[in-house]
Amino acid sequence: MDLILVNIIDGLVTGLLLFMLSAGLTLIFSMMGVLNFAHASFYMLGAYFAYQISLALGFWMGLLIAPLIVGVLGAGVERYGLRRVHQYGHVPELIFTFGLALLIEELVQFIWGKNQMPYFVPDALNFSAFAIAGNSIPAYKIFMIFTSLAIFIGLLFILTRTRVGMIIQAALSYPRTVEALGHNVPLIFMGVFGVGTALAGVAGVIAGPVLGTFPGMAFVLGSIVFVTIVIGGLGSLWGALVASLLIGWLTTFAKAYNIAMEDILNGIGIATPENLDSNVFRDLWSITSPQIADILPYILMVLILIIRPSGLFGKRHS
Amino acid sequence: MKSITKLGAVSALSLVIGASASFAETIKIAFIDPLSGPFASTGTNGLHQFEFAAEHMVNEKGGVLDGDTFEVVGFDNQTSPKESLIQLQVAIDQGIRYVVQGNSSGVANALTEAIDKHNRRNPDSRVLFLNYAAVDPALTNDKCNFWHFRFDANADIKMDALTDVIVADENIKKVYIIGQDYSFGKAVSAAANKMLGEKRDDIEVVGDELHPIGKVKDFTPYARKVVSSGADAVITGNWGADMLGLGKAIIDNGFEGPIYTYYAAGSGMTAAFGETGKDRIRLISQGSINPIGSEEARATYEAFEAKYPEGNIDQSRIFNTIGMLAAAIEEAGTADDVVAVASALEGMEYESMWGGKLFMRPQDHQLIQDMHVGVHTDENVDFDFDNSGFGVVNESTIEMAGMDSPTTCEMKRPE
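As the structure is a prediction and not an experimental result, all values here were calculated from the model.

S.K.: Report on the overall build of chain A, specifying residues and quantitative values.
M.R.: From N to C terminus, chain A includes 14 helices and two strands. Put simply, chain A has 318 residues, and 52% of those count as buried. Considering only intrachain contacts with a sequence separation of at least 6, the fraction spanning at least 24 residues in chain A is 77%. Of the roughly 15,100 Å² of accessible surface on chain A, 70% is carried by carbon and sulfur atoms. Across chain A, 13 positive and 14 negative side-chain charges occur, with their mean positions spaced 20 Å apart.

Written out as structure tokens, the structure reads:
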């Protein structure tokens, strides 16, 4: 039973990390209507920049500087790339960000090579915070939890309680009116895109030492980020949070407990066929939850799309 | 910067080959392995070692036959069996007679079948499959064929050697087995269960599971299960990013015992484990790097490091593959007749520069060689991996491992 608590913490860490990624993506989407396929690539850039900076200045400077660089790069991409492509509609925008993702991966391989980078957890956090029944919880995980929560609260505060947030939200629904009131809407868009990519950068800086810093890291997380914002509802910050946590716990618990399909089927009253080896459904009967843990979020996404097409917290399209 | 020097080296190399082509043939070797995707680093490092071995062991020494040189051509298969078959066809169309591959037994299974079929239908363009790393035992048992040669010890032989070391440790009473969910991971698990049971029946297997290959983002939940199972040791056949992710998660989340592995070194992994893996990660391998097998091996390693400062010779069997292929071509007197070359390889005895004798068992084309179990450490390391100061130091050696291991291979030889 102690394991349940441990898994709740692990799932929380996974979920919050996913949130940092999807928050930026969903923010950009709600502002600009652009699904940024290169979002996970900015996450990868965050990890690589932080690794490079940490060699010279240590981890903490990496955490501070790398997201800034990523954010500036993101803003540059918006200003000199997306804005020009925007006039041709959504499809060219999608293709542009898709190409950008491939380009960033190639660039990373060109500069750093294809190997894993020795990017480590800082010494100050490299100890076990506490242990539950022999399962140690690394201090770094606690740090990850607090950083993500701080970012969420910060974002929520800015968007709902400040003047900047008000203008951003207004620009989302009534860009022309906001422009007529004297605000620079293109500049707001650029800022939001920069902040969104910087958030992905932060996630990369923090995840790099734990999940490994290698050229495939964007690819591994690329699709799950979209699943998260679809489940949460495109454009909703709360939705992104809830969906991230849901996915974090869902995959963690599915991996942590070997629940066999056979037990579930038996549980709902279907008896195991006598000769399983020659049965056409053999694979279905022998499947266990860790094997399908990583596709469970996709199943959840399909279900959500069927039941509630706009996602858990999504606003209905008018 | 690194890539620019590499580009220069490659173009210089191709100039040399181009210049010498007028009086000597080039023997092309197709390298079909992942050069992109999550396992790109493993594949790329393998390609570098092949290119270097061909250059250093054959071309610089005047080539084979009358000055024929080796050229290794990289084909990216993205670790996909389907893509590999396409690349195989491209290689054959380019007139290539020798195929090397190693990453993923799934791919090797597809290739060996396709090559067998191709060779039966096209006697004029037959190819040999030199498998340098795919260790699914089936390849030299039920699925064996005349065209396939394996230069790495198979999973059973490796597990036999590993379990010898494990059962000798009185402190190990509970073992957790975890691996990637495909033919190789299953073979490792089956062999570990069987051999531990035979050698010491008081050892309990407290966990035995497979995870999706190349798809797990975070191994923490698996690590939790390992820790809470009370295991004293872990056995895994994982490789690439899966090995690093699993190893890091297990150590970070409080596991204290040794982790017995097949592929936890080199390709950035040794550096990425660093201090955390010290005296924890144990690894089975062929060829001795620390201490180095011979003066020739030392010179080879130093030359490799001079050319690829970021690289490692973490697969010494690649050098054995090139060395034995060159010897077989010399003995056959031709590189075009692959049946003659294959016949020369069968039963060949070869002195490896990494120390020890090699014997290509004719019954199943499985290479028999010394196996070493080493530990990840930064002490007594002559040759480190990834310039990290950490490397693998031999702890025990099993001579001619699996010399009499059984095989179910019934090989049909061409007329």
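S.K.: Before we move on, can you summarise the pairing of strand S10 (residues 281–286) of chain B with the specific residues and values?
M.R.: Residues and elements named next belong to chain B. By the criterion of burial, S10 is predominantly enclosed, with six of the six residues buried. Going residue by residue along S10, you find Ile281, Leu283 and Ser285 tucked away on one face and Arg282, Ile284 and Gln286 tucked away on the opposite face as well. Pairing between S10 and strand S13 (residues 366–377): five bridges, direction antiparallel. Note that in S13 the partner of Arg282 across the bridge is Val375.

S.K.: Outline the confidence of the model for chain B, supporting the account with residue identities and numerical values.
M.R.: A low pLDDT score tells you not to read the predicted coordinates there in detail. Looking at chain B as a whole, its pLDDT mean stands at 90, while 94% of the residues score no less than 70. In the predicted complex, the global pTM is 0.82; the interface-specific ipTM is 0.84.

S.K.: Can you lay out the side chain of Asn253 of chain B for me, pointing to particular residues and giving the numbers?
M.R.: Here Asn253 of chain B is to be found in the loop between helix H8 (241–252) and strand S9 (259–261). Filtering out sequence-adjacent residues up to four positions away, Asn253 of chain B remains in contact with Gly134, Asn135, Ser136, Pro138 and Lys141 of chain A together with Thr220, Ala223, Arg224 and Val227 of chain B.

S.K.: Describe the nonpolar core, listing the residues and the values that go with them.
M.R.: Ranked by size, the top nonpolar core spans 101 residues in total, and within it Phe70, Tyr98, Phe319, Met324, Ile329 and Trp354 of chain B carry the most contacts. If you tally residues by element for this core, the top one is helix H11 (residues 317–332) of chain B, at eight residues. Apart from the residues within four sequence positions on either side, Trp354 of chain B is in contact with Gly287, Ser288, Ile289, Ile292, Gly293, Ala297, Tyr301, Ile313, Ser316, Phe319 and Asn320 of chain B. Membership of the second largest hydrophobic core comes to 92 residues, among which are Leu25, Phe42, Phe189 and Ala207 of chain A.

S.K.: Describe in detail helix H9 (residues 217–232) of chain A, supporting the description with residues and values.
M.R.: Residue and element names in this part refer to chain A. Taking 1.5 Å per residue as the helical rise, H9 with its 16 residues ought to reach 22 Å, and the 23 Å between its terminal C-alpha atoms agrees with that figure. For H9, the tally of buried residues reaches 13 of 16 residues, placing the bulk of the element in the interior. With its phi angle positive at about 105°, Gly233 sits one or two positions after the end of H9.

S.K.: Give a detailed account of the environment of Ile168 of chain A, specifying residues and quantitative values.
M.R.: With respect to the secondary-structure elements, Ile168 of chain A resides in helix H6 (residues 163–173). Residues in contact with Ile168 of chain A, not counting those within four places in the same chain, are Met31, Leu159, Ile188 and Val192 of chain A.

S.K.: I'd love a proper account of the state of the cysteines, names of residues and values included.
M.R.: All names here are of chain B. Tallying each qualifying case throughout the model produces one disulfide over all chains. Two residues share a disulfide in this structure: Cys144 and Cys409, whose sulfurs sit 2.0 Å from each other. As the torsion about the S-S bond is roughly 80°, the Cys144-Cys409 disulfide counts as right-handed. Note that Cys144 is positioned in the loop between strand S4 (128–131) and strand S5 (148–150) and Cys409 in the segment after strand S14 (391–401), a separation of 265 residues in sequence.

S.K.: Which residues make up the layout of surface pockets, and what values do they have?
M.R.: In this model, the second largest pocket occupies a volume close to 1,100 Å³. As for the second largest pocket, its lining consists of 36 residues, and the residues nearest its centre are Phe219 and Val220 of chain A together with Gly37, Pro38 and Gly214 of chain B. Sorting the residues of the lining of the second largest pocket by element identifies helix H2 (39–57), helix H4 (90–112) and H9 of chain A together with helix H4 (105–121) of chain B as the ones contributing at least two each. Among the residues forming the lining of the second largest pocket, the class breakdown is 19 nonpolar, eleven polar and six charged.

Rules and cut-offs
Residues numbered from 1 in each chain as written. Chains lettered and ligands numbered in written order. Predicted model: local features only at pLDDT ≥ 70, side-chain atom pairs only at ≥ 80, totals over all residues. Heavy atoms only, no water. Helix = DSSP H or I, 4+ residues; strand = E, 2+ residues; numbered from the N terminus. Buried < 20%, exposed > 50% of the residue type's maximum accessible area, 1.4 Å probe, protein only. Contact = heavy atoms within 4.5 Å. Areas by Shrake-Rupley, 256 points an atom, 1.4 Å probe, with all protein chains shown as cover. Lys, Arg positive; Asp, Glu negative; His and termini not counted. Charge placed at Lys NZ, Arg CZ, Asp CG, Glu CD. Pairing = 2+ DSSP bridges. pLDDT = per-residue confidence, 0-100. Core = buried A, V, L, I, M, F, W, Y, C linked by side-chain atoms within 4.5 Å. Expected span 1.5 Å × (residues − 1). Disulfide = S-S within 2.5 Å. 1 Å grid on protein atoms, 1.4 Å probe; cavity = no way out; pocket = protein on both sides within 12 Å on 5 of 7 lines; lining within 4 Å. Points joined across faces, edges and corners; volume = space filled by probe spheres on them. Nonpolar A, V, L, I, M, F, W, Y, C, P; charged D, E, K, R; others polar.

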